[in-house]
There are 4 protein chains.
Amino acid sequence: MAANTFGTALRLTSFGESHGRAVGGILDGFPAGVKIDFEFLQSEMQRRRPGQSKLATSRNESDEVEFLSGIYEGTSTGSPIAFMVNNKDVKSSDYEHLKDTFRPSHADFTYQEKYGVRDHRGGGRSSARETLARVVGGALAKMMLRHYNIEITAYVSSIGTIDMSPKNAWPDKQDIEQSLVRCPDNAASEKMIELIEQTRESGDTLGGVVSCYITGIKPGLGEPVFDKLHADLGKAMLSINAVKGFDYGSGFRAARMKGSEHNDQFVKTGQHIATKTNYSGGIQGGISNGETIYFRVAFKPVATLMSDQQSVDQQGNETTIIGKGRHDVCVVPRAVPIVEAMAALVLADQLLRQRMNQL
Amino acid sequence: MAANTFGTALRLTSFGESHGRAVGGILDGFPAGVKIDFEFLQSEMQRRRPGQSKLATSRNESDEVEFLSGIYEGTSTGSPIAFMVNNKDVKSSDYEHLKDTFRPSHADFTYQEKYGVRDHRGGGRSSARETLARVVGGALAKMMLRHYNIEITAYVSSIGTIDMSPKNAWPDKQDIEQSLVRCPDNAASEKMIELIEQTRESGDTLGGVVSCYITGIKPGLGEPVFDKLHADLGKAMLSINAVKGFDYGSGFRAARMKGSEHNDQFVKTGQHIATKTNYSGGIQGGISNGETIYFRVAFKPVATLMSDQQSVDQQGNETTIIGKGRHDVCVVPRAVPIVEAMAALVLADQLLRQRMNQL
Amino acid sequence: MAANTFGTALRLTSFGESHGRAVGGILDGFPAGVKIDFEFLQSEMQRRRPGQSKLATSRNESDEVEFLSGIYEGTSTGSPIAFMVNNKDVKSSDYEHLKDTFRPSHADFTYQEKYGVRDHRGGGRSSARETLARVVGGALAKMMLRHYNIEITAYVSSIGTIDMSPKNAWPDKQDIEQSLVRCPDNAASEKMIELIEQTRESGDTLGGVVSCYITGIKPGLGEPVFDKLHADLGKAMLSINAVKGFDYGSGFRAARMKGSEHNDQFVKTGQHIATKTNYSGGIQGGISNGETIYFRVAFKPVATLMSDQQSVDQQGNETTIIGKGRHDVCVVPRAVPIVEAMAALVLADQLLRQRMNQL
Amino acid sequence: MAANTFGTALRLTSFGESHGRAVGGILDGFPAGVKIDFEFLQSEMQRRRPGQSKLATSRNESDEVEFLSGIYEGTSTGSPIAFMVNNKDVKSSDYEHLKDTFRPSHADFTYQEKYGVRDHRGGGRSSARETLARVVGGALAKMMLRHYNIEITAYVSSIGTIDMSPKNAWPDKQDIEQSLVRCPDNAASEKMIELIEQTRESGDTLGGVVSCYITGIKPGLGEPVFDKLHADLGKAMLSINAVKGFDYGSGFRAARMKGSEHNDQFVKTGQHIATKTNYSGGIQGGISNGETIYFRVAFKPVATLMSDQQSVDQQGNETTIIGKGRHDVCVVPRAVPIVEAMAALVLADQLLRQRMNQL
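Sequence order as written defines the numbering, with residues in each chain counted from 1. As a convention, the first chain written is A and the first ligand written is 1, with the rest following in written order. Restriction of local features to residues with pLDDT of at least 70 applies here, the model being predicted, together with a cutoff of 80 or more for giving and counting side-chain atom pairs; totals for whole chains, interfaces and linings are based on all residues. Side-chain metrics in this entry use all non-hydrogen atoms of the structure; hydrogen atoms and water are not considered.

Draft legend 1. Region of interest: the overall build of chain A. Secondary structure elements follow DSSP: runs of H or I no shorter than four residues count as helices, runs of E no shorter than two count as strands, and numbering proceeds from the N terminus. Looking only at helices and strands, chain A has eight helices and 18 strands in total. What you see for chain A is a C-alpha radius of gyration of 21 Å, in line with the 21 Å of a compact globule of 359 residues. Based on the C-alpha atoms only, the size of chain A along its principal axes is roughly 65 × 50 × 35 Å. Residue burial in chain A is summarised as follows: out of 359 residues, 69% are buried. Taking the intrachain contacts of chain A between residues at least 6 apart in sequence as the baseline, contacts between residues at least 24 apart amount to 69%. Per-residue and other accessible areas follow the Shrake-Rupley method at a 1.4 Å probe size, with only the shown protein chains counted as cover for residues. For chain A, the accessible area works out to roughly 11600 Å², and carbon and sulfur atoms hold 46% of it. With C-alpha atoms as the basis for the radius of gyration, the globule rule is written as 2.2 Å multiplied by the number of residues raised to the power 0.38. Residue exposure (1.4 Å probe, protein chains only): buried if accessible area is under 20% of the type maximum, exposed if over 50%, otherwise partly exposed. Here a residue-residue contact requires only that any non-hydrogen atoms of the pair lie within 4.5 Å.

See below:
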């Protein structure tokens, strides 16, 4: 009972292995009448793409999205939108030496145990290439969210031990995107780049944290018990490769605070009821309260190293994995559009669901 | 499109408001042939119950579970198991003064915005009393997991600023349960109790962190893309009232580590393939690898204070909420069985789902 | 992976065995703000009840519905509505002689094979008493449908070999309900009653056909591919105990017609586009077109006879089942409110879903 | 909330419009380790294809299935199987004259009302070309069912007013496939062919009935309440274009029978418990009993005529639709593999689900 579908009212089903014929998906439940902005879509793909800077892997993936259905004369029809991206730059032979080997902290061993068979090439289904489908689905969701003035912005707040300095305001998209590592703090950004270069030289890898904030959400989104808005966001983020943790609003910090510090006082601002502080992260009782939603996502360091590692093969024999191939030292900057895409899918889903809660 | 159902193969649907007629649920998909251990069930209810110690609220809830279906001669039949707990100790008048008021950092405002109507008494559906259904469902899931030797153990690892000291081994259930605050570190436990007493006197409240580890899981549980084992666990935890964050294995700490430190080397141990370290937290590529699963859950401080707070009513008029009633200073010790219950539901669900992945 | 939940946006989960503690259910996704008409609910229960006339079983079931949640001050709150009906008149000993026996054309054998264990008393979960939950869920759905002026009317069109005569107009609810067998054709109604009396004397049983029509549906309900409106209605009806067939509009008759006869010509009527004929039964391409929806449901004769029958027990030994107990000769008149209830659940579900198809 | 996904454990999501880029789907939940029989797949596609005989439409569709994922070295991996068929023979201009017109008894009007926009070319999403995805999904399901010796056989039992004569035994696949109209009764087959030729000359169309039987099913498949095996089969069939009715076992005929005639007596046959007669159609209480499952599916006559018809356009103006283009007089023979495919999907789904009902 594999589960390659995400969402309730708006559902993304993804398919594809790293070195198979193609990756792609079907977005079902997308409302009719949304104008499809193909240029924006391609720019989102570009943001996710490897090889976008000297810092990232040199693989050349053009990643052109081909739409197969659900769009007529540039507008969504309400029918399922199927799309695919061909796998062009397939060097399966790069992986031949790994056919029987379990790479440390990869999914090789667990897939073998789960299915009794696996497509070892490039990690097969466990490859981060699967996130292509998420970025396409997310870009479509963003086109829908525009109609509600909902804006999602993610950025890198730390890489390894380098943290961005705390700011008083949420960063601009422009300041984020002009940084090679998508960190809007210039000083931190430069240190992160330096750290990445050093780490590459030592054949090692890095993790980091992506932060995300969302504006324009009206009160009322999110379901109160199991499908709380932050629970859906959390699951969305935790489903991204290499993610190890999620918190929202005051997050783990809340555990150390007193109730009198943490409570967000309600005040009337113009015609709206707002809160003075926002430790709640825009969500109370699982439902949006109209304030800015924000959360953090922790990524572990890349598991594929450029240095040699000990492991075992399928028979349990010891083996050495030689560090080679084309791999990122740190994928966190490239995770930024994926975090946004998953957030967009959750919000679009909950927006549609909210239409059904009153008579 | 309210979502009061949790799970895919094993599904818990919960119902009930704090001051309604009853709370309860239906557990569907529970396999036939499981011997129901009513004594164990009641002990789990007892662990969750308020008023279990001088530290907790003095509300008197007997919380007897009444089973309505699905069990015949003490054994599950495969039919849905419905259960309920009557709401006996209902003092709705305690909440009359809050009818039109939005309590800070509660769900009053967001429910009103979502539904246009709400049952204000005791928080209605947003009350933590809803977790009764989770504990019953979780107890049943644990009875099923016993057949697979799967054991789930949660404990309090911090309250406010008091942290448990790091240990070399996972704590025993007995050491946990003999602490009033369910913290297996004696010294920390005493400090936590002291902190709770002090905080009570100042009319304030506390949050904390619950840690959980799971043993006996075979490799292969969890679905690889969206329903990753840790993503399902994360959603389960984030759906519990007052939870602000979740991480597993190395968690947020992973973001600061190098790949060479973080990778878990595979080794052959007897007939099994194991890992030397376990930063992966027993899950790789979303699928269990046979090592111990562990994760942390952050709880915010209780929002109901015993001191006065400013707020607004439904018309936006300023109002003062008087601190009174019977409320916990810190619910984290009582959250321990709820964390275990939700973990049990996830594991039982994924165990059933795993039966379908091979021919 | 038992499936005791019906519906997508509006979901009824039912529970309960014939001789267990109670039967009932949870209706989730029901919108907030619907005034609950308890009197109407009880009248629907009354329509379903056994013992309502000299023709039906003499079991005395008071069937009072107790609501446990989701309703506050007589209005739905958007939270799940749980309800139960106690099983009062439990004579399990009536079934002791059947403990190890498989009654012909009942579910005894198949339950035993499926689960390896069963609650044999009164058919357990396979009892028609389960339909109580459907009638409650359906009554709530009807309260919601009233706001859209949607009216569902079912009636008995045949019992055994007695058919109602064809009419030019759809029958009135009043004409239906004043017949003991819920057949609006007086002459046929009398013959049916006579046939039932005769059949009772011979210890035999009867089946029949329930017809149903639905008015007030706007164009656009129903999903175009798998969840076609008539496919959902068909599944709903086929899930009722003893149902053997379903057709809608021209139904099986369509297979013998020419396209030139069968096509429904579009015409403009006032401001609306309508069809001249209605062989489509109000549904085209799986979606309502605004015309009257109508369908037929075939019920097999009751399997429990008052005469002796040969069978085998669990060990395969031959055994004789003695015809005794309190059983209906023909349940078709009592199926009328159940057919309506299931139709109401489908329509309310599709009404909610239709809110999401456009931007 | 469009629903283009069918199934619970095994899920087919279909996509594609008649004149879009491609049609196809994703089959998720298909177990790992199934050898893919590409030759068989193509033969199933061939059975569905138009233009297979002089009786059918002359459209030339090569319908080559391209697999995009989920298969490695000829074996399923447990990952989603995506597939597509290009739309090669696209003559959209054939439909230009219908852009604003609502064809009688088609889905033009209802799609327009539902979505506010539509792809009118060839019926868009409502085209029978969508059934390609069902046949591919069904062929994969059949490959899985082979491992359980489950065999599904459908055939044409009537076209228009020509019925096949009743037989004592279920027909052979070979006798079915050698008939141009897939009717295993030679005499009836010839009359049906004659009727089709006559009807073509008059510019008219025909409907008919497809019958289906299934052998090799063990007792225990099907869920007892809402997802009864026959309810799932019924929904599957009713979701096929042009289907107006479904019954199983004794079907509508049961309504006229007495219980004493209709009950299927249990007997011990060798080591198995069997029934003497099989009016139950192999399903009791919604669960398979091990006997042969059989059912009937009624198809209305094709709505596209070769003669002129009156209708209205989107503005409600009267218009005449000229009969032209390439269309089948009767699609019932081509529906045979589609009926089998949908039955295969239901059985494979229920087979997987049945793995979860016991401890």
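Draft legend 2. Representation of the packing of aromatic side chains. Classification of ring pairs uses Phe, Tyr and Trp, with its six-membered ring standing for Trp, and accepts pairs whose centres are within 6.5 Å; under 30 degrees between planes counts as stacked, over 60 as edge-to-face, and the remaining range as tilted. Scanning the model with the defined rule gives 42 aromatic pairs over all chains in all. Measuring from ring centre to ring centre gives 5.8 Å for A:Tyr111 and A:Tyr115, while their planes differ by 55 degrees; the resulting arrangement is tilted. Linking A:Tyr111 with A:Tyr115, this pair stays in helix H2 (residues 108-115), spanning four residues, or about one helical turn. Pairing C:Phe266 with D:Phe109 gives two aromatic rings, centres 5.3 Å apart and planes at 55 degrees, and the pair type is tilted. A residue pair is termed interchain when its members come from two chains, as with C:Phe266 in strand E12 (residues 266-269) and D:Phe109 in helix H2 (residues 108-115). We classify C:Phe266 as buried; its relative accessible area is 2%.

Draft legend 3. Here's a closer look at the interface of chain C and chain B. The interface is formed by 43 residues belonging to chain C together with 43 residues belonging to chain B. Interface area for chain C against chain B, summed over the two sides, is near 3300 Å², with a carbon-plus-sulfur share of 60%. Buried area is understood as the total, over both parts, of accessible area removed when two parts are fitted together, assessed with a 1.4 Å probe. Counting the surface chain C buries against chain B, the share from its top three residues, C:Met1, C:Leu68 and C:Tyr72, is 19%. What counts as a salt bridge is simple: a side-chain nitrogen of Lys or Arg found within 4 Å of a carboxyl oxygen of Asp or Glu. Linking chain C to chain B there are four salt bridges. By the criterion applied in these results, polar contacts are pairs of N or O atoms within 3.5 Å in which, for protein atoms, one can donate a hydrogen and the other can accept it, and in which residues neighboring in sequence qualify only through two side-chain atoms. Between chain C and chain B we count eight residue pairs in polar contact (both at pLDDT 80 or more) in total. Taken together, the elements giving at least two residues each to the side of chain C that touches chain B come down to strand E2 (11-15), strand E3 (22-28), strand E4 (66-67) and strand E7 (81-86) of chain C. For this classification, Asp, Glu, Lys and Arg are treated as charged, while Ala, Val, Leu, Ile, Met, Phe, Trp, Tyr, Cys and Pro are nonpolar and the rest, including Gly, are polar. A per-class count over the side of chain C that touches chain B returns 16 nonpolar, 16 polar and eleven charged.

Draft legend 4. Geometry of the sheet that holds strand E16 (residues 293-299) of chain B. The strand order across the open sheet built from ten strands is E9(A)-E8(A)-E10(A)-E16(A)-E11(A)-E11(B)-E16(B)-E10(B)-E8(B)-E9(B), with neighbouring strands paired in antiparallel fashion. The sheet is open, and its two borders are formed by strand E9 (162-163) of chain A together with strand E9 (162-163) of chain B, each paired with just one other strand. Contacts between helix H5 (residues 186-201) of chain A and the sheet are confined to strand E8 (151-159) and E9 of chain A, with E8(A) contributing the most and set at about 55 degrees to the helix. Packing of helix H8 (residues 332-354) of chain A onto the sheet brings it into contact with E8, strand E10 (208-215) and strand E16 (293-299) of chain A, and relative to E8(A) it is tilted by some 145 degrees. Strands qualify as paired when DSSP identifies two bridges or more between them. Here an angle of 0 to 180 degrees is reported between the N-to-C directions of two axes, which are lines fitted to C-alpha atoms, with helices fitted over the stretch in contact.

Draft legend 5. Expanded view of the relation of the copies chain B and chain A. Our superposition of the copies is a least-squares fit, built on the C-alpha atoms of residues whose pLDDT is at least 70 in both. When chain B is fitted to chain A, the residual RMSD is 0.0 Å, and the transformation amounts to a turn of 180 degrees plus an axial shift of 0.0 Å. Within this description, the copies of the chain are treated as partners about a two-fold rotation axis. By residue overlap, the copies meet face to face through one surface: 100% of the interface positions of chain B are interface positions in chain A.

Draft legend 6. Examining the pattern of salt bridges more closely. Residues and elements named next belong to chain A. Per the stated rule, a full pass over the model turns up 111 salt bridges over all chains. Here Asp247 ties to Arg296 by a salt bridge, and the two come within 2.9 Å at their closest N and O atoms. Of this pair, Asp247 sits in strand E11 (residues 243-248) while Arg296 is found in strand E16, placing the two residues 49 residues apart along the sequence. Judged by relative accessible area, which is 2%, Asp247 ranks as buried.

Draft legend 7. Structural view of the nonpolar core. We define a nonpolar core as any set of buried Ala, Val, Leu, Ile, Met, Phe, Trp, Tyr and Cys residues linked to one another through side-chain atoms lying within 4.5 Å. Formed by 348 residues in total, the largest nonpolar core has its most connected members in A:Phe295, B:Phe295, C:Phe295 and D:Phe295. If sequence neighbours within four positions are ignored, B:Phe295 has contacts with B:Val210, B:Ser211, B:Cys212, B:Ile214, B:Leu233, B:Met237, B:Phe246, B:Asp247, B:Tyr248, B:Val339 and B:Ala343.

Draft legend 8. Highlighting the interface of chain B and chain A. Listed by partner, the interface residues are 107 residues for chain B and 108 residues for chain A. Summed over both sides, the interface between chain B and chain A buries roughly 8600 Å², with carbon and sulfur atoms accounting for 59% of that surface. Together, B:Met1, B:Lys114 and B:Phe226 form the three largest contributors to the area buried by chain B at its contact with chain A, with a combined 11%. Scanning the region where chain B abuts chain A turns up eight salt bridges. B:Asp227 is the salt-bridge partner of A:Lys235, the closest N and O atoms lying 2.8 Å from each other. Joining chain B to chain A, the criterion identifies 49 residue pairs in polar contact (both at pLDDT 80 or more). Here the side of chain B that touches chain A is composed, by residue class, of 41 nonpolar, 43 polar and 23 charged. As judged from the three bridges shared by E11(A) and strand E11 (residues 243-248) of chain B, these two strands associate in the antiparallel manner. Bridge pairing links A:Gly245 to B:Asp247 in E11(B).

Draft legend 9. The relation of the copies chain C and chain B, seen in detail. Superposition record for chain C on chain B: RMSD 0.0 Å, screw rotation 180 degrees, translation along axis 0.0 Å. A share of 100% of interface residues in chain C that are also interface residues in chain B marks the association as one of identical surfaces.

Draft legend 10. Up close: the pairing of strand E10 (residues 208-215) of chain D. Residues and elements named next belong to chain D. Extensive coverage of E10 is indicated by the burial of seven of its eight residues. Bridge analysis of strand E8 (residues 151-159) against E10 gives eight bridges, and the strand direction is antiparallel. Bridged to Tyr155 within E10 is Ser211. The pairing of E10 with strand E16 (residues 293-299) spans seven bridges and is classified as antiparallel. Within E16, the residue paired with Ser211 across the bridge is Arg296.

Draft legend 11. Representation of unusual backbone geometry within the structure. Residue and element names in this part refer to chain C. If you check the backbone angles, Ser105 has positive phi at about 60 degrees while not being a glycine. You will see that Asn149, though not glycine, has its phi angle at about 60 degrees, which is positive. On the secondary structure map, Asn149 appears in the loop between helix H3 (131-145) and strand E8 (151-159). By relative accessible area, Asn149 is classed as exposed at 62%.

Draft legend 12. Region of interest: the state of the cysteines. For the purposes of this analysis, a disulfide is any pair of cysteine sulfur atoms at a distance within 2.5 Å. Summed over the entire model, instances satisfying the criterion amount to zero disulfides over all chains. Here B:Cys183 is not cross-linked by a disulfide; its sulfur's nearest cysteine counterpart is in B:Cys330, at 11 Å. Here C:Cys212 is not disulfide-linked; the sulfur of C:Cys183 is the nearest cysteine sulfur, at 15 Å. Here C:Cys212 falls in the buried class, since its relative accessible area comes to 1%.

Draft legend 13. Geometry of H8(A). By this rule the span expected of a helix is its residue count minus one, scaled by 1.5 Å. Between its terminal C-alpha atoms H8(A) stretches 32 Å, which fits the 33 Å expected from 23 residues at 1.5 Å a residue. Where burial is concerned, most of H8(A) is hidden: 23 out of the 23 residues are buried.

Draft legend 14. Broad picture of the packing of helix H3 (residues 131-146) of chain B against helix H8 (residues 332-354) of chain B. Residues and elements named next belong to chain B. At their nearest, the axes of H3 and H8 sit 7 Å apart, and the two run at 50 degrees to each other. In this view, H3 runs oblique relative to H8, as classed from their interaxial angle. Relative to H8, the crossing made by H3 is left-handed. Contacts from Thr131, Arg134, Val135, Gly137, Gly138, Ala141, Lys142, Met144 and Leu145 of H3 reach H8 at Pro337, Ile338, Glu340, Ala341, Met342, Ala344, Leu345, Leu347, Ala348, Leu351 and Leu352. Roughly parallel covers angles under 35 degrees, roughly antiparallel covers those over 145, roughly perpendicular covers 65 to 115, and oblique covers all other angles. Helix crossings are classified by the rotation of the near helix relative to the far one: an anticlockwise turn of less than a right angle makes the crossing left-handed, while a clockwise turn makes it right-handed.

Draft legend 15. Region of the structure containing the environment of A:Thr320. Residues and elements named next belong to chain A. Looking at the element boundaries, Thr320 is found in strand E18 (residues 318-321). Thr320 sits 173 residues away from His147 along the chain, and the two C-alpha atoms are 54 Å apart. Contact partners of Thr320, with chain neighbours within four places excluded, come to Asp308, Gln309 and Gln310. At a separation of 3.0 Å, a polar atom in the side chain of Thr320 contacts the side chain of Gln310.

Draft legend 16. Layout of the sheet that holds strand E7 (residues 81-86) of chain D. Residues and elements named next belong to chain D. Strand order in the open sheet formed by five strands is E1-E2-E3-E7-E4, with antiparallel pairing between adjacent strands. Each edge of the open sheet is held by one strand with a lone partner, namely strand E1 (5-6) and strand E4 (66-67). Here six bridges tie strand E3 (residues 22-28) to E7, and the two strands are oriented antiparallel to one another. In the sheet register, Ala22 faces E7, and the bridge partner there is Asn86.

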